[in-house]
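Commentary on secondary and tertiary structure
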Amino acid sequence: MSEGFKRTVLAALLCIITEISYTQGFSQNGWMIETPSRLTGREGKTTVLICKFTHPHPGYPGNITVTWKEVRANVMLYSYTNYPSLNSQNVVFENMIHQNTNERYQVLGNPRENDASIIIKQLSLHDNYQQYICLVNLSHYPNETSQSSIQTITVVPAARNDLVPVSGKKGDSATLPCAFNPPEWLSQSVTVLWMKESPDKESTILNQTRFLRAGSHYIDSVTVNEGQRYELIGNLTQGDASIRMRDLWLNDSSDYFCRVHVRIDNQENVTQDVLRLQVDAPATILELSAVRENGTGTVIVCRVVGEPFANITWVDDKGSPVHRGTTVTREPGRHQTLGKLRNPALRGTYSCVAENKHGRDSRQIDFPSTDSNYSNFIVGMLCLIPLIKFLLLLVTGIILFMKIKD
């Protein structure tokens, strides 16, 4: 028997096997549920149980109940009903949770958009090789409950460096690693999804599919690349879905979710992982000014941006640190530190010194700088007093003259 014939027979058998595995989740009456046959996640990380469905009732307005079960133990793990709220003038759908075993599960998908996916929090080694099914029911059609095929979870043990974030500096590039089981020679496509902050589709920053062809040929299709800042640099045929993020911003610091879908005919294997990116920047002074605050007098304000947060020190013109009247507040969402020096005791030049482990910045200001406008106003008013007196005398003289003339 020739080698080519053997490969053809093997491919045919595999197609038959995967078709049977995949179509177990199909139901009658126009329903269909799609779930991956195998799911791989990492111990201690968030993992998504994927369940997409279609039904023959478009625009269905009633209750939708989603239930997830563990197959071997036949235990209901999570169940909720998505229902139209009666307390709003507009149609708003809410979720009522019926069962949430050990509070480990959370709604992710929107059933109104045919997505019944959920999140497993803190995947553990006890979840290894667990088998899950998804059931969807429309209350108006109780006899049409649809059940998915089985998806089996493989849990990868946590590594020592799992808790160490990927680090980068503002303006530079960073590589976000993601490994998965390499596609087999019969694989048709590999889809790489990267999401920021949350593993839902609204948070997707990169969605790229590579359609595999004979030999080393392939075709790439990119449907999402937020800001054109991301580049797939990993070798997918070797199980590497790493990406490079360029021109880092401070607000890029976040959790990032990697999800890789490998499709072989009608079968799909999914690998998921989560990592943390920390973007740092040297302390930089954005503003140094003196202002008058009602009831508190003059305040020198020093606004600094940097990550980690900067330490702010005030220094007088003699080089001595100033501690009296100083306050420091931090604004985490803006990565800024605000230092204030209230009512300095002496006039002169004051320095704001900002520093973190990545850099140091300083600026000087003359005090009281903003009082000069006020002083100029007072001097101007004093200069006007003689003129005002002269005008008053002139008006008085004219009035007296008019009375005497009459």
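It should be noted that the structure appears before, not after, this text.
These notes cover the structure that comes with them. (Residues numbered from 1 in each chain as written. Predicted model: local features only at pLDDT ≥ 70, side-chain atom pairs only at ≥ 80, totals over all residues. Heavy atoms only, no water.)

1. What about the overall build of the protein?
Helix and strand content of the protein: two helices and 28 strands. Within the protein, buried positions represent 42% of all 406 residues. The contacts of the protein with a sequence gap of at least 6 include a subset with a gap of at least 24, amounting to 59%. A total accessible area of about 23,000 Å² is found for the protein, and carbon and sulfur atoms account for 53% of it. (Helix = DSSP H or I, 4+ residues; strand = E, 2+ residues; numbered from the N terminus. Buried < 20%, exposed > 50% of the residue type's maximum accessible area, 1.4 Å probe, protein only. Contact = heavy atoms within 4.5 Å. Areas by Shrake-Rupley, 256 points an atom, 1.4 Å probe, with all protein chains shown as cover.)

2. Quick look at the sheet that holds strand E19 (residues 243–245)
Taken in spatial order, the three strands make up an open sheet running E14-E19-E18, and their pairing is antiparallel. The two strands at the open ends of the sheet, each matched to only one other strand, are strand E14 (174–176) and strand E18 (230–232). Each neighbouring strand pair of the sheet contributes to a mean axis angle of 25°, computed without reference to strand direction. Judged from the three bridges that link them, E18 and E19 form a sheet pairing that is antiparallel. When the bridges of E19 are listed, Leu232 appears paired with Ile243. (Pairing = 2+ DSSP bridges. Axes fitted to C-alpha atoms, helices over the stretch in contact; angles between N-to-C directions.)

3. Notes on the nonpolar core
Leu49, Trp68, Val136 and Ile153 are the most contacted members of the largest nonpolar core, which has 29 residues in total. Elements supplying a minimum of two residues to this core: strand E3 (47–49), strand E5 (64–70), strand E6 (75–84), strand E8 (105–107), strand E9 (118–120), strand E10 (131–138) and strand E12 (151–156). Residue contributions to this core peak at four residues, all from E10. Setting aside anything within four residues of it in sequence, one finds Ile153 in contact with Leu39, Leu49, Ile120, Leu123, Asp127, Asn128, Tyr129, Gln130 and Tyr132. Trp194, Met245, Leu248 and Val260 belong to the second-largest nonpolar core, a separate cluster that totals 27 residues. (Core = buried A, V, L, I, M, F, W, Y, C linked by side-chain atoms within 4.5 Å.)

4. A word on the pattern of salt bridges
Scanning the model with the defined rule gives 14 salt bridges in all. A salt bridge links Lys196 to Asp252; the shortest N-O distance between them is 4.0 Å. Of this pair, Lys196 sits in strand E15 (residues 189–196) while Asp252 sits in the loop between E19 and strand E20 (254–264), and the two are 56 residues apart along the sequence. Look at Lys196 and you get buried, because its relative accessible area is 18%. Between Asp255 and Arg276 there is a salt bridge whose closest N-O contact spans 3.6 Å. Separated by 21 residues along the polypeptide, Asp255 in strand E20 and Arg276 in strand E21 (residues 267–293) bring together distant segments of the chain. (Salt bridge = Lys/Arg side-chain N within 4 Å of Asp/Glu carboxyl O.)

5. Observations concerning the state of the cysteines
A complete count under the given rule lists three disulfides for this structure. Across the disulfide from Cys178 sits Cys258; the S-S distance is 1.9 Å. Between Cys178 and Cys258 the sulfur-sulfur dihedral comes to about -80°; the bridge is accordingly left-handed. Within this pair, whereas Cys178 is found in the loop between E14 and E15, its partner Cys258 is found in strand E20, the two being separated by 80 residues in sequence. (Disulfide = S-S within 2.5 Å.)

6. Some details on unusual backbone geometry
Peptide bonds are trans in most cases, and residues, glycine excluded, mostly fall at negative phi. Cis peptide bonds are those with omega within 30 degrees of zero, and the linkage from Glu307 to Pro308 qualifies with 5°. Tracing the backbone shows Pro308 in the loop between strand E22 (297–307) and strand E23 (311–315). For Glu103, which is not glycine, the phi dihedral falls at a positive 55°. Mapping Glu103 onto the fold places it in the loop between strand E7 (93–100) and E8.

7. A closer look at the packing of aromatic side chains
Under the counting rule described, the total for this entry stands at five aromatic pairs. Residues Trp31 and Phe53 carry aromatic rings whose centres are separated by 6.2 Å and whose planes lie at 20° to one another, so their mutual orientation is stacked. One end of the pair, Trp31, is in the loop between helix H1 (3–23) and strand E1 (32–34); the other, Phe53, is in strand E4 (residues 52–54), with 22 residues separating them in the sequence. For the pair shown, Trp31 and Phe53 are each scored as buried. Taken together, a centroid distance of 5.8 Å and an interplanar angle of 50° make the contact between Tyr78 and Tyr80 tilted. Here the aromatic cluster, defined as three or more aromatic residues joined through ring pairs, consists of Tyr78, Tyr80 and Tyr105. The ring centre of Tyr218 lies 3.9 Å from the NZ or CZ of Arg210, which sits over that ring. A cation sits over an aromatic face here: Arg229 above Trp249, 4.0 Å from the ring centre. (Phe/Tyr/Trp six-rings, centres within 6.5 Å; stacked < 30°, edge-to-face > 60°. Lys NZ or Arg CZ within 6 Å of the ring centre and 35° of its normal.)

8. Re the environment of Asp247
Within the secondary structure, Asp247 sits in the loop between E19 and E20. Here Asp247 falls in the partly exposed class, since its relative accessible area comes to 37%. Once the C-alpha coordinates of Asp247 and Lys169 are considered, the two residues, 78 residues apart in sequence, prove to be 9.0 Å apart. In contact with Asp247, not counting residues within four places along its chain, are Gly171, Asp172, Ser173, Arg229 and Asp252.

Coordinates in, geometry out; function isn't part of it.
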